[in-house]
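Single-letter residue listing:
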Amino acid sequence: MKLSPDQPIDLREVLRDLERYRPRRKGWHWREKVSEHKLGPFVFKDTSRELTHSVPLMAAHAFGGIDPQCDRTLTTEIASGRFEDDLRRMRMAAWHGADHIMVIRTTGQSHFDGLIEGTPEGVGGVPISRKQIRATRKALDAIEDEVGRPINFHSYVSGVAGPEIAVVFAEEGVNGCHQDPQYNVLYRDVNMHRAYVDAAEAKRILADGGILQLDGAHNANATAKEAWKVTPELLVQHAINCAYSRAAGMPQDLIALSTVPPTAPPAPKLRLDLPYAVALRELFRGYCFRAQQNTRYMESDTREATITHVLDTLISRLTSADIQSTITPDEGRNIPWHYNNVAGVNTARQTFMGLDGLDELVDLKQEGVLREDARAIKERAVLFLEEILESGGYYAAVAAGQFVDSGHYPERKGDGIVRDPGKGDGAGSVIRREPDYGAPVCSHFGHNALAPAHGKACDAIGGCTLCNPEKIRYIDELDPEDCVDRRLETPLAERAAGLLRPEVEKQGDGVVCLTVFVPAAEAVAEAAALEMARHMNLKDPQVISRRVMHPAEGSVFEIKGVLDMAVDIARLPQEARETPLPDAEIEAWVRPRDIHVVAATVGEDEHSVGLHEILDIKHGGIEKYGFHCHDLGTSVPVERLLDAAEETGARAVLVSTIVTHGEVHKGHMQRLDALARERGMRDRLLLIAGGPQVTAELAQACGMDAGFGRGTTGREVASFIVRSLRQREKE
Amino acid sequence: MSRLERPDDFEQRRAPLRALSDEALHARFWELVEGVVAPLIEEARTHTTPSIERSVLLRMGFSSIEAKALVEQMHERALLGHGAGALVLKLSRHRGIPVREAGLALLAGEGWEVLAP
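Residues numbered from 1 in each chain as written. Chains lettered and ligands numbered in written order. Predicted model: local features only at pLDDT ≥ 70, side-chain atom pairs only at ≥ 80, totals over all residues. Heavy atoms only, no water.

As annotated in an unreviewed UniProt entry, chain A is LuxR family transcriptional regulator from Thioalkalivibrio denitrificans. Quoted straight from UniProt, the Cofactor (unreviewed entry) entry for chain A says "adenosylcob(III)alamin". (UniProt positions renumbered as here; feature names shortened; annotations may be inferred.)

Take a look at the structure:
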């Protein structure tokens, strides 16, 4: 399967012949670091290979369109409930630099005693089944070819079917996963004996499959009352999972700690979070670090969340992070929207590029509060471990509520999570192995009478599925209604008919988001904002973010609602904007030619801002490319413009027309064209009009060569001039 | 189970740790962790679960639906302690048939008498 950058991914093609699809590689992939990487005008220190296709940061056009890629793996977490919609989101995220795609599982899969098959729709995530994994892996294989970088696919091995899910992951080319029995015990109330016995088998399978494992310790941050107080316990949780994984046969370089800076402003974030980050990296030297961004203190304001996430990423750069995970800035208010996955990825990559080479500039202080606090956190963690052993071991400590207590250990508030070792999901299902217990397969942990002294255990059965994938039994669908083919019927039919709907999450959802400021006290303003949204024909409008600007002067709201209409592509006005030329290309053409341009706001019109945006170097106008601009000012008659054009030998005349009463703007354009013809100047001059009511169509109808409306950039105007004059030179 | 409440007495409790170098503190940390984990991993080495047994059958080439049914029936017959894979292999060897056929026979209710310990 091959993707073309100008075509949407073909979902029918993804689903075709899945029963025969095999992953082409297995195991985790790290980015290839390139140091002293020369790109555009800069030499980067902490980058990796560039992509073959990507969307650069927006400011990149000022630096020759460079798109440096940081040296850390970037994660985005994706969970719409429909994997077929997620594939498009993954592709967009990959173009923005994500190479670790984490698929969140549907609510409740942890308690599903066995594997899910087919493609049922999920809630808050995707039901992880073999078919969904295989289709996703197939799509990601095509996406990684398109962007030119391997993409790691990740999901979860938790709940009461961990070993089975681990087998499917190893068989189907999943590259990373979460596996931590503590998560099952504390947050999913899975019986603790069951959780640990299952975990050893799952970890052994993951290890042999080269799958990178993340732990679940970050959940203690997300659920703690005061997240910074839980840091000593976090060291303990990480350590238990690390030591248990190694005992189950997992090498250190496949074990990653999932760590998150616990606080957010207005807390003094770095003062609290940095000593903890340092303590963690010192105690766990040799393991990998997956740095997560903070979710505990996220509210509905996406800007506030983004700034916290920038600071999180700064902490990653000041310490270390092999993987920088990203949180969508809207996670505090809804299930993430796909463009917010892209926003989250960009927060991390923009921050990393800005911090490139930081190690050469800054060292962390090796005396004072940083060292003292780091030491204290470690000592508190040692005391925590001593108490576990004093209580009679891990199970007894959990039963006594030692974990996720809101006190700053050794302080205890008595509100920790309590689990009974004899209860929970799967209680009583752990069985002692008999002396003749056997398992004739690879990647099996523990006592096994069928494990030979030499060769593989699966030799007894002529090979297991991990050695002979053709033995894998693929199940397509179990439910003819709740499946991907049925869900795709309407959206694909609409797409084939050329119909488009807005969307944020699922194809055809119709959801749009408005920003409305209302100049009144909050309660009144909110009611008014919703009423305005209803008048805009939005169904079910809901306020998803509110921010008081002043108690009496007003509040700003973000409102989501459904725009229940489809646009027919065939009926759209044909005004496709041309892609502007790269800055460097424009300048290289313009500078040596000494091109003069005259410009003015014409008629009885004192507006000058629009033209300044197009001309002035400080507004990014066309002067910066080397055009000689003669701005005659405002309320200029068209005759004077042509006089000036004659005097300077100008090649282009730019007129701005803001005032449109009585359609005077049309009159000015027509008069400029007519007068230029009269004077015999028309062939030499490019006549260009701009203004909020100007369109290319209107301007051309009035005799102009081009017209530019609201939001036009200097670069677009310069591109038009260069393209036109270049064409004339050729002729 | 009673839940403990305790003030932050860190300054008293840390006294014995004060003298340790960072290295020694790290070593102490990991030694304690090993002590916590050792009984857990020993339990895993000597025990199994329905999910582990289903995962073994998956690796032997059974579908998830077949694996679930086989493990349930073995569990009901109190045979799971021998290992689901070993049981299927036992029937396969006894009858001289491929492993997959043996599993399907068990699902059809045949051959269970061979598996009695």
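On we go from here.
The next point concerns the sheet that holds strand 7 (residues 100-103) of chain A. Residues and elements named next belong to chain A. Within the closed barrel, the eight strands sit side by side as 6-7-8-9-10-11-12-13. Their pairing is parallel. When strand polarity is set aside, the average angle formed by the axes of neighbouring strands in this sheet is 25°. Relative to strand 7, strand 6 (residues 73-78) runs parallel, the two being bridged by four bridges. Bridging across to strand 7, Thr76 finds its partner in Ile101. (Pairing = 2+ DSSP bridges. Helix = DSSP H or I, 4+ residues; strand = E, 2+ residues; numbered from the N terminus. Axes fitted to C-alpha atoms, helices over the stretch in contact; angles between N-to-C directions.)

Taken together, the contact between chain B and chain A spans 64 residues of the former and 88 residues of the latter. Summed over both sides, the interface of chain B with chain A buries roughly 6,500 Å², with 64% coming from carbon and sulfur. Considering only the surface of chain B that becomes buried against chain A, B:Arg6, B:Phe29 and B:Arg59 emerge as the three largest contributors, covering 12% of it. Between A:Asp113 and B:Arg54 there is a salt bridge whose closest N-O contact spans 2.7 Å. Between chain B and chain A we count 34 residue pairs in polar contact (both at pLDDT 80 or more) in total. Broken down by secondary-structure element, the contributors of at least two residues to the side of chain B that touches chain A are helix 1 (10-13), helix 2 (15-18), helix 3 (22-46), strand 1 (47-48), helix 4 (50-59), helix 5 (64-76), helix 6 (84-95) and helix 7 (99-107) of chain B. With 18 residues, helix 3 of chain B is the largest single contributor of residues to the side of chain B that touches chain A. Looking at the side of chain B that touches chain A, its residues break down into 27 nonpolar, 18 polar and 19 charged. Note: strand 14 (residues 431-432) of chain A against strand 1 of chain B, two bridges, orientation antiparallel. Paired with A:Ile431 across the two strands is B:Thr48, which belongs to strand 1 of chain B. (Contact = heavy atoms within 4.5 Å. Buried area = accessible area lost by both parts, 1.4 Å probe. Salt bridge = Lys/Arg side-chain N within 4 Å of Asp/Glu carboxyl O. Polar contact = N/O pair within 3.5 Å; in protein donor to acceptor, adjacent residues only side chain to side chain. Nonpolar A, V, L, I, M, F, W, Y, C, P; charged D, E, K, R; others polar.)

Residues and elements named next belong to chain A. That bond from Pro265 to Pro266 is cis: its omega, 15°, falls within 30 degrees of zero. Turning to its location among the elements, Pro266 is positioned in the loop between strand 11 (255-259) and helix 9 (269-283). That bond from Tyr409 to Pro410 is cis: its omega, 10°, falls within 30 degrees of zero. Tracing the chain through its elements places Pro410 in the loop between helix 13 (394-399) and strand 14. Although it is not a glycine, Asp189 adopts a positive phi angle of roughly 50°.

This brings us to the packing of aromatic side chains. Throughout the structure, instances matching the rule amount to 18 aromatic pairs over all chains. Considering the side-chain rings of A:Tyr196 and A:Tyr394, the 5.1 Å spacing of their centres and the 65° angle between planes classify their relative orientation as edge-to-face. Of this pair, A:Tyr196 sits in helix 6 (residues 192-208) while A:Tyr394 sits in helix 13, and the two are 198 residues apart along the sequence. The pair A:Tyr196 / A:Tyr394 is uniform in exposure class, with both members buried. Here the aromatic rings of A:Phe284 and B:Trp30 are separated by 5.1 Å at their centres, their planes lie at 75°, and the arrangement is edge-to-face. (Phe/Tyr/Trp six-rings, centres within 6.5 Å; stacked < 30°, edge-to-face > 60°. Buried < 20%, exposed > 50% of the residue type's maximum accessible area, 1.4 Å probe, protein only.)

Among the nonpolar cores identified, the biggest contains 130 residues, and A:Phe284, A:Tyr394, A:Phe403 and B:Phe29 are the most heavily contacted of them. Top element by residues in this core is helix 3 of chain B. It accounts for ten residues. Not counting residues up to four positions away in its chain, the partners in contact with A:Phe284 are A:Leu235, A:His238, A:Ala239, A:Cys242, A:Leu257, A:Phe289, B:Phe29 and B:Trp30. Core analysis: the next-biggest nonpolar cluster, separate from the first, contains 32 residues, B:Ala84, B:Leu91, B:Val99 and B:Ala105 among them. (Core = buried A, V, L, I, M, F, W, Y, C linked by side-chain atoms within 4.5 Å.)

Moving on, we come to the pattern of salt bridges. Applying the stated rule across the entire model yields 83 salt bridges over all chains. Among the ionic pairs, A:Glu387 bridges to B:Arg6, the shortest N-O distance being 2.8 Å. With A:Glu387 in helix 12 (residues 369-390) and B:Arg6 in the segment before helix 1, this pair bridges two chains. Taken together, the shared-partner salt bridges connect A:Glu282, A:Arg371, A:Arg375, A:Lys378, A:Glu379, B:Glu11, B:Arg14 and B:Asp22 into one network.

Once that is clear, we can look at the pairing of strand 7 of chain A. Residues and elements named next belong to chain A. Because side chains alternate across strand 7, one face comprises the buried residues His100 and Met102, and the other comprises Ile101 and Val103, equally buried. Following the chain from strand 6 across helix 2 (residues 83-95) to the adjacent parallel strand 7, one finds a crossover that is right-handed. The pairing of strand 7 with strand 8 (residues 152-156) spans three bridges and is parallel. Residue pairing for strand 8: His100 is matched across the bridge by Asn152. Crossover handedness for the path strand 7 to helix 3 (residues 130-147) to strand 8: right-handed. (Right-handed = clockwise from strand over helix to strand, strands pointing away.)

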